[in-house]
Amino acid sequence: MAWDEWERLKADAAARGSTGMQLNHVPPEPGGGGAGDLKSDKKAWTKAGEDTKGLQDDIGKALGKLDDGQSGLGDTSGVQSAAARQELYESWKKYVADVKGRCGELGGLMEKSGHDLAMSDADVKAELDKIKAKYHDTEAVGGQAKGR
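Residues numbered from 1 in each chain as written. Predicted model: local features only at pLDDT ≥ 70, side-chain atom pairs only at ≥ 80, totals over all residues. Heavy atoms only, no water.

### Description of the overall build of the chain
Then comes step 1: Counting secondary structure elements, the chain contains four helices and zero strands.
Then comes step 2: Helices (α) and strands (β) of the chain occur, in sequence order from the N terminus, as α-α-α-α.
Then comes step 3: Looking at the chain residue by residue over its 148 residues, the buried ones come to 16%.
Then comes step 4: Considering only contacts in the chain between residues 6 or more positions apart, those separated by 24 or more positions represent 73%. (Helix = DSSP H or I, 4+ residues; strand = E, 2+ residues; numbered from the N terminus. Buried < 20%, exposed > 50% of the residue type's maximum accessible area, 1.4 Å probe, protein only. Contact = heavy atoms within 4.5 Å.)

Here it is in structure tokens:
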């Protein structure tokens, strides 16, 4: 290729305009959202985890009040409304205890993520999936006939 031809090819390319492509750079998406906007603050993750774990205290107090409110029920045999109330109480007690446990585990995971920022997305998702499987919602029992 002659030098003149090379110069002509360069001039033609310059006239068409640059595509802005670089092999070592991802062009920003229109409206932002490029990799340069991604920020993760260890303090924010840690605080969010601590606050989520802190919900356990209030939930524990609520469980105590639920227990206190149920304490005078006594023997429920022969009284359908008392038996239904006991059944509802047991269901909610388990559900609220599971919410308390979920808050503790999720808060711990968030704290760990905040301290380390070393877990991959796949590792975090796997941990969240474990929590989800452990604390699946209870089946609804209130209002079902159950042969009555």
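### Some details on the environment of K42
Then comes step 1: Positionally, K42 belongs in helix 2 (residues 42-70).
Then comes step 2: Residue classification places K42 among the partly exposed positions, given a relative accessible area of 44%.
Then comes step 3: As a C-alpha pair, K42 and S113 span 71 residues in sequence and 8.0 Å in three-dimensional space.

In short, shape yes, function no, at least from these values alone.
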